[in-house]
Amino acid sequence: MSVLNYAENISESLLTTFERNAIFRKIAYFSMEIGISQDLPTYSGGLGILAGDILKSAADLGVPLAAVTLLYRKGYFRQELTEEGDQVERPVEWEPEKLMSRLDNRVSVELEGRTVQVRAWGYVYVGHSGFPLPIYFLDTDLEANSPGDRSLTWELYGGDNRYRLCQEMILGVAGLRILRDLGYNNIKTFHLNEGHAGFISLELTRELGYEDFDKVRDEVIFTTHTPVPAGHDYFPYDLINSVVGESNSNRLRRMLGGGGVSMTELGLNFSRYVNAVSKKHAEVSRKMFGTEKVDYVTNGVHSTTWTCPGFARLYDKYIPAWRNDPSRLIQALQLPDEDIWKAHQAAKMRLFARVLEETGEEFDADVLTIGFARRAATYKRADLLFSDVRRLLDVCSGQVQFIFAGKAHPHDKPAKEIIKRIFDLAKEIGAAIPIVFLENYNMELAQVLTAGVDVWLNTPIRPREASGTSGMKCVHNGVMNFSVLDGWWIEGWIEDVTGWSIGPAPHEADLIEYDEMQDAQDLYNKLEEKVIPTYYSDRRKWIYMMKNTIALNASYFNTHRVVKEYCEKAYGTIFRAH
Ligand SMILES: *Cc1c(COP(=O)(O)O)cnc(C)c1O
């Protein structure tokens, strides 16, 4: 990728320039994971890739922002699957020294009574217009630290609650100290991407003279991503006491009261602006947190990262302004049908070459192909499709092919069982309905998948999908969504125009139980009555829908729009126009 080569050559000198210009950066973006490219395995899934996409658009738009995360020397694991469909986790070997610059700056943070030294690696992402955006990766793997402390920044979402608390102290407290050490003394907004970096407010409280909570609030904004209480980090005070020390522990008690430390509560109570990541998610969050203070900025994806080469060429020809202004994709209705179809078939064949190489299965480019790929979390219900196998065979035999992918978190047994179940079913019914599971879902595979299938399936349990972003990658490639009405899809869905819904329309922010079989039945019915007949018998309408998907969805669900919204609503900064 040109970005990487560029960064290798210029990183060092650019970073020196940054230290001189740090004073002009007004926004610091903190995230537990950041996914910028395939070569930096410092992300696990949607949250990190969203962070990366936002940073890319911020660089494209010239927003004066710097970002902080952890280094994760061991990466997030590489997934292999045995013949039986059991997930095996392999470490990812990577060498930060080849991609980033090691900075000399050192700060320290007190953890469990020890002084842990922290340094940072600098990486520069350069936007389309040449505007550079620095990302700092924190690292405790220093000789000065004990072996246990050296491993604190090795693993993303590894270890126990204590390990996690240490990492969050490093991100929030050491992260802010590193920025100060680098000369970032004019930050007006600390943006917490999820609660993990909430300890920034602890450090700001110390900087600002201990008790001036209003001043702290004035400097922080908080984006929540989790629509269920169980998904929020929570640390009991006995753990807090032993890790952060007495004075910090006392300060946290003054900030939050007794009980324990909920990172979400810290984010909510110590920020001037709070947002959810879709309209529906805002409603759910307001109810869950019992406050009206939650606004929303619906997520997006970085358009040029997620548009496949064939479609990028088409857009360049007919809508040249799209690279700097993806909202222009609204003009996609004028793209010639034939060109759209060719671009799509090219992406489909690229995906099928991959399928053949990796699985030995030969997929047919004239057969309707449905994709499902995301973290294998149980609420995402990758196996809803198989709730009624006889009906599935009835509807899809000889007419549909399926491609699955997704990693299960190493400790998530039920998710691993879902992968295995799909594996078993693929063997059982593969003669009638070809099904493959591709290993090691990551950014690169996501690019190939979200461009190469005909339809993208998403069947989460409502209202568990805060936003979802993979479907937005698809719409940049004219791939239609066929999805449960949750997260972003409620805002993007126009039936028979941008795709199809599954299950009932959403009512308020209800977290009530509902009959899950209803979703499965609706899925089969719509496949039978709409998706399959349109694909095979009404190609004109299909292509009309592809164009509308690009025009109505890609023009809006992109991170250029997201970053502009953050500037207007949350940062109080105007982006540098071109
Ligand atoms: C986009 C992406 C995700 C997030 O997809 P969701 O639809 O939000 O679940 C996860 N993993 C990878 C590798 C991705 O590219």
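All residue numbers refer to position in the chain's written sequence, counted from 1. Per-residue local features of the predicted model are confined to residues with pLDDT of at least 70, and side-chain atom pairs are confined, for both listing and counting, to 80 or more; whole-chain, interface and lining totals are unaffected and use all residues. Each side-chain value is worked out from all heavy atoms of the structure, with water and hydrogens disregarded.

(A) Region of interest: the site of the ligand. Residues are labelled near a given molecule or strand when at least one of their non-hydrogen atoms is within 4 Å of it. Neighbouring the ligand are 14 residues; Lys380, Ala446, Thr469, Ser470 and Lys473 lie closest to it. Counting of polar contacts relies on pairs of N or O atoms within 3.5 Å, with two restrictions inside protein: one atom must be capable of donating a hydrogen and the other of accepting it, and residues adjacent in sequence are counted only when both atoms are side-chain atoms. At a separation of 2.9 Å, an oxygen atom of the ligand approaches a polar backbone atom of threonine 469. Contacts to the ligand include lysine 473, whose side-chain N or O atom sits 2.6 Å from an oxygen atom. Working definition of accessibility: Shrake-Rupley area with a 1.4 Å probe, residue cover restricted to the visible protein chains. Relative to its unbound accessible area of 380 Å², the ligand is 95% covered by the protein chains. Comment: elements are numbered from the N terminus, with helices defined as DSSP H or I runs of at least four residues and strands as E runs of at least two. Where the shell around the ligand is concerned, the elements lending two or more residues are α2 (46-61), α17 (443-452) and α18 (470-475). Split into classes, the residues belonging to the shell around the ligand amount to 5 nonpolar, 6 polar and 3 charged. When residues of the shell around the ligand are assigned to domains, at least three map to each of domain 1 (2-271) and domain 2 (303-561). Think of it as three bins: nonpolar holds Ala, Val, Leu, Ile, Met, Phe, Trp, Tyr, Cys and Pro, charged holds Asp, Glu, Lys and Arg, and polar takes everything else, Gly as well. Domain extents, as shown, originate in an automatic or database domain assignment.

(B) Looking closely at the nonpolar core. Judged by nonpolar contacts, the single largest core of 93 residues is most densely connected at Phe402, Leu449 and Trp542. With 8 residues, helix α16 (residues 413-429) is the largest single contributor of residues to this core. Looking at which domains feed residues into this core, each of domain 1 (2-271) and domain 2 (303-561) supplies at least three. Note on contacts: a residue pair qualifies if any of its non-hydrogen atoms lie within 4.5 Å across the two residues. Contacts of tryptophan 542, omitting those with residues within four sequence positions, involve Trp341, Leu368, Asp454, Val455, Met480, Trp500, Val531, Thr534 and Tyr535. The next biggest cluster of nonpolar side chains, apart from the first, holds 67 residues, and it includes Leu138, Met169, Val173 and Ala276. To qualify as a nonpolar core, a set must consist of buried Ala, Val, Leu, Ile, Met, Phe, Trp, Tyr and Cys residues joined through side-chain atoms within 4.5 Å. Buried, partly exposed and exposed residues are distinguished by accessible area as a fraction of the type maximum, computed with a 1.4 Å probe on protein chains only: under 20%, between the cut-offs, and over 50%, respectively.

(C) Quick look at the pairing of strand β6 (residues 114-126). In terms of residue burial, β6 counts as a mostly covered element, since 10 of its 13 residues are buried. We treat two strands as partners when DSSP finds at least two bridges between them. Inspection of the sheet shows strand β5 (residues 101-111) paired to β6 by 8 bridges, in the antiparallel sense. The residue bridging valine 109 from the neighbouring strand is valine 116, located in β6. Taken together, β5 and the strand that follows it, β6, pair antiparallel across an intervening segment of 2 residues, in which glutamate 112 is found at a positive phi of about 50°. The turn joining β6 and strand β7 (residues 132-139), which pair antiparallel and follow one another in sequence, is formed by 5 residues; a positive phi near 95° is taken by glycine 130.

(D) Summary view of the sheet that holds strand β18 (residues 480-484). The 6 strands lie next to each other as β16-β15-β14-β17-β18-β19, forming an open sheet whose pairing is parallel. Lying at the two open borders of the sheet, with one neighbouring strand each, are β16 (435-438) and β19 (499-502). Between one strand axis and the next, the sheet turns by 20° as a mean value, whatever way the strands run. Relative to β16, strand β15 (residues 400-405) is paired through 4 bridges, and the arrangement is parallel. Bridging from a neighbouring strand, alanine 405 pairs with leucine 438 of β16. An axis is simply a line fitted to the C-alpha atoms; with a helix, the fit covers only the stretch in contact. Between two such axes, the angle follows the N-to-C directions and lies from 0 to 180 degrees. Of the strands in this sheet, β15 and β16 are in contact with α16, which crosses β16 at around 145°.

(E) Representation of helix α22 (residues 559-571) within the structure. End to end, α22 covers just 15 Å across 13 residues, shorter than the expected 18 Å (1.5 Å per residue, more than 12% under). For α22, the tally of buried residues reaches 10 of 13 residues, placing the bulk of the element in the interior. When we look at burial in α22, the residues that qualify are Thr559, His560, Arg561, Val562, Val563, Glu565, Tyr566, Cys567, Ala570 and Tyr571. Among the residues of α22, the N-terminal cap falls to asparagine 558, whose side-chain oxygen and the backbone nitrogen of histidine 560 are separated by 3.3 Å. Residue glycine 572 follows α22 closely and has a positive phi angle near 65°. In this scheme, a helix's expected span is set at 1.5 Å multiplied by one less than its residue total.

(F) The pairing of strand β17 (residues 455-458), seen in detail. Residues Val455 and Leu457 of β17 are buried on one face, and the alternating residues Trp456 and Asn458, pointing to the opposite face, are buried as well. As paired strands, strand β14 (residues 368-373) and β17 are joined by 2 bridges and run parallel to one another. Counted as the bridge partner of glycine 371 is tryptophan 456 from β17. As a crossover connection, the stretch from β17 through α18 into β18 is right-handed. The handedness of a crossover follows from its direction of travel: if, with the strands pointing away from the viewer, the path from the first strand over the helix to the second runs clockwise, the crossover is right-handed.

(G) Structural context of a negative patch on the surface. For patch detection, residues must exceed 30% relative accessible area and be free of salt bridges, and they are connected within 9 Å for like charges or within 5 Å for nonpolar side chains (Val, Leu, Ile, Met, Phe, Trp, Tyr). Salt bridge, as used here: a side-chain nitrogen of Lys or Arg that lies within 4 Å of a carboxyl oxygen of Asp or Glu. Only four residue types enter the tally: Lys and Arg on the positive side, Asp and Glu on the negative side; His and the chain ends are excluded. A charged residue contributes its charge at one atom only: NZ of Lys, CZ of Arg, CG of Asp or CD of Glu. Taken together, the side chains of Glu83, Glu84, Asp424 and Glu428 define an acidic patch exposed on the protein surface. With respect to the helices and strands, glutamate 84 occurs in the loop between β3 (78-81) and β4 (87-90). Since its relative accessible area comes to 46%, glutamate 84 is described here as partly exposed.

(H) Up close: empty space enclosed by the protein. Residues are said to line a cavity or pocket when one of their atoms sits within 4 Å of a point; the points come from a 1 Å grid over protein atoms alone, cavities being sets where a 1.4 Å probe fits but cannot get out and pockets being open sets with protein on both sides within 12 Å along at least five of seven lines. Grid points are joined across faces, edges and corners, and a volume is the space filled by probe spheres set on the points. With the rule as written, the count across this model stands at 1 cavity of 30 Å³ or more. Here the largest cavity is characterised by a volume of approximately 50 Å³. The wall of the largest cavity is formed by Phe372, Arg374, Arg375, Ala376, Ala382, Phe404, Ala405, Gly406, Ile418, Ile419, Ile422 and Phe437. Breaking the lining of the largest cavity down by element, the ones donating at least two residues are β15 and α16. Top element by residues in the lining of the largest cavity is α16. It accounts for 3 residues.

(I) Spotlight on the environment of glutamine 38. Positionally, glutamine 38 belongs in the loop between β1 (27-31) and α2. Along the sequence, glutamine 38 and aspartate 149 sit 111 residues apart, while their C-alpha atoms lie 27 Å from each other. Not counting residues within four places of it along the chain, the set of residues in contact with glutamine 38 comprises Tyr43, Asn442, Met443 and Glu444. Looking at glutamine 38, its side chain comes within polar contact range of the side chain of tyrosine 43, at 3.3 Å.

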